[in-house]
Amino acid sequence: MQAAEYYHAASDGTLTCDLCPHHCHLPEGRRGVCGSRINQGGKLFSEAYGHPCAIAVDPIEKKPLAQFHPGSTCLSLSCTGCNFHCLNCQNHDISQVRPDETGCADYAPDDIIHLYRRLRASDSRLLSIAYTYTEPLTYIEYVRDISRLAHAEGICNVLVSAGYVSPKPLADLLPYLDAANIDLKSFSDDIYLRVSGGRLQPVLDTLRQIRDAGVWLEITHLMIPTVNDDMEMFRQMCSWLVTNGFARCPLHLTRFFPAYRLKTLPPTPISTLRAARTIAREEGMKHVLLGNV
């Protein structure tokens, strides 16, 4: 375990985690919503730090990033944990478990850099390290420490996230990030609460914060039949994006397939994605792409 940051303690030894808007209240021995941050002896620790559960080399387009070094590859890594519990999660076997409930490797931050160098020697397209698959912001200290080393060597850092984080931790990470893809799940607080267990506004705040930091940003929007495919709500989302300076931000409209706890729903009709693309363009979004088709 690694000492974690972003929390404050009460006189009775309980802790409040300040990493994300959940602000988990943690008595001794209790983990946060993410499953990997724990109160031990009145101090907060990250059980995920240095213990990736998945490492792979992916095309950058898989993140998805369409306009950030297209044709390149990235070293993707993730640890267990997520501060959302999305009913449609395709990676629930690693995002919804604790570090001790699945196979994990031992890689200190400099080990990841050494691994990148070895892979880069045989793959000239390898330009980035991507923090992905689960929710990287729940093990933000690990991501930040790797990113700082990578940044010093000219290696690009890519964050793939749902964006549910408090401003201060994100501000500490942003100087080392080169690109991000944020999953904007819906434009409804009620849907965020029912499907993912969070709220909309903190994600919108994250988008603005990344924009203001000058980090390359793309947005993913998974369209789930009967859940978030209301076209008027989608139009409102696109209008908000354009009004707030995201018109030229690539928007990935992604097709849903039955998964996890939403296995009874059908795949998203491609006609729905095409209709949404038309609306996005009408509202002023300049780069709208269809995914999983």
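Quantities reported herein were computed from a predicted structural model and do not represent experimental measurements. (Residues numbered from 1 in each chain as written. Predicted model: local features only at pLDDT ≥ 70, side-chain atom pairs only at ≥ 80, totals over all residues. Heavy atoms only, no water.)

A few points about the environment of Lys63
This is how the line gets drawn: Secondary structure elements are taken from DSSP: a helix is a run of H or I of four residues or more, a strand is a run of E of two residues or more, and numbering for both begins at the N terminus. Only protein chains enter the accessibility calculation, which uses a 1.4 Å probe; a residue is then buried when its area is under 20% of its type maximum, exposed when over 50%, and partly exposed in between. Note on contacts: a residue pair qualifies if any of its non-hydrogen atoms lie within 4.5 Å across the two residues.
Relative to the helices and strands, Lys63 is located in the loop between strand E7 (54–59) and strand E8 (73–78). For Lys63, a relative accessible area of 5% corresponds to the buried category. In this structure, Lys63 is in contact with Asp58, Cys74, Ser76, Ala130, Thr132, Tyr133, Val160 and Asn181, ignoring residues within four places of it in sequence.

Considering the layout of surface pockets
Heads up, the rule is: The definitions used throughout rest on a 1 Å grid laid over the protein atoms alone, on which a cavity is an enclosed set of points accommodating a 1.4 Å probe that cannot get out and a pocket is an open set flanked by protein within 12 Å on both sides along at least five of seven lines; lining residues are those having an atom within 4 Å of a point. Grid points are joined across faces, edges and corners, and a volume is the space filled by probe spheres set on the points. Residue polarity follows a fixed list, in which Ala, Val, Leu, Ile, Met, Phe, Trp, Tyr, Cys and Pro are nonpolar, Asp, Glu, Lys and Arg are charged, and the others, Gly among them, are polar.
Taken as a whole, the largest pocket spans an internal volume of roughly 1,000 Å³. Taken together, 41 residues form the lining of the largest pocket, with Gln90, Asn91, Val160, Asp183 and Thr220 sitting closest to its centre. Going through the elements one at a time, strand E10 (156–161), strand E11 (179–183), helix H5 (189–196), strand E12 (216–223), strand E13 (251–255) and strand E14 (288–291) are the ones with two or more residues in the lining of the largest pocket. A class-by-class count of the residues in the lining of the largest pocket yields 19 nonpolar, 16 polar and 6 charged.

Here we look at empty space enclosed by the protein
A full pass over the atoms with the stated rule returns 1 cavity of 30 Å³ or more. By volume, the largest cavity is sized at about 100 Å³. Around the largest cavity sit 13 residues that line it, and Cys17, Cys20, Cys24, Cys34 and Arg37 are the ones nearest its centre. For the lining of the largest cavity, the class distribution of residues is 7 nonpolar, 5 polar and 1 charged.

A look at the state of the cysteines
Going by this rule: Cysteine sulfur atoms that come within 2.5 Å of each other are treated as a disulfide pair.
Applying the stated criterion across every chain, the model contains 0 disulfides. Considering cysteine sulfurs only, Cys24 is the nearest to Cys20, which forms no disulfide, with 5.8 Å between them. Among the residues examined, Cys20 registers a relative accessible area of 9% and is labelled buried. The closest cysteine sulfur to the non-disulfide-bonded Cys74 is located on Cys156, 11 Å from its own sulfur. Judged by its relative accessible area of 0%, Cys74 falls in the buried class.

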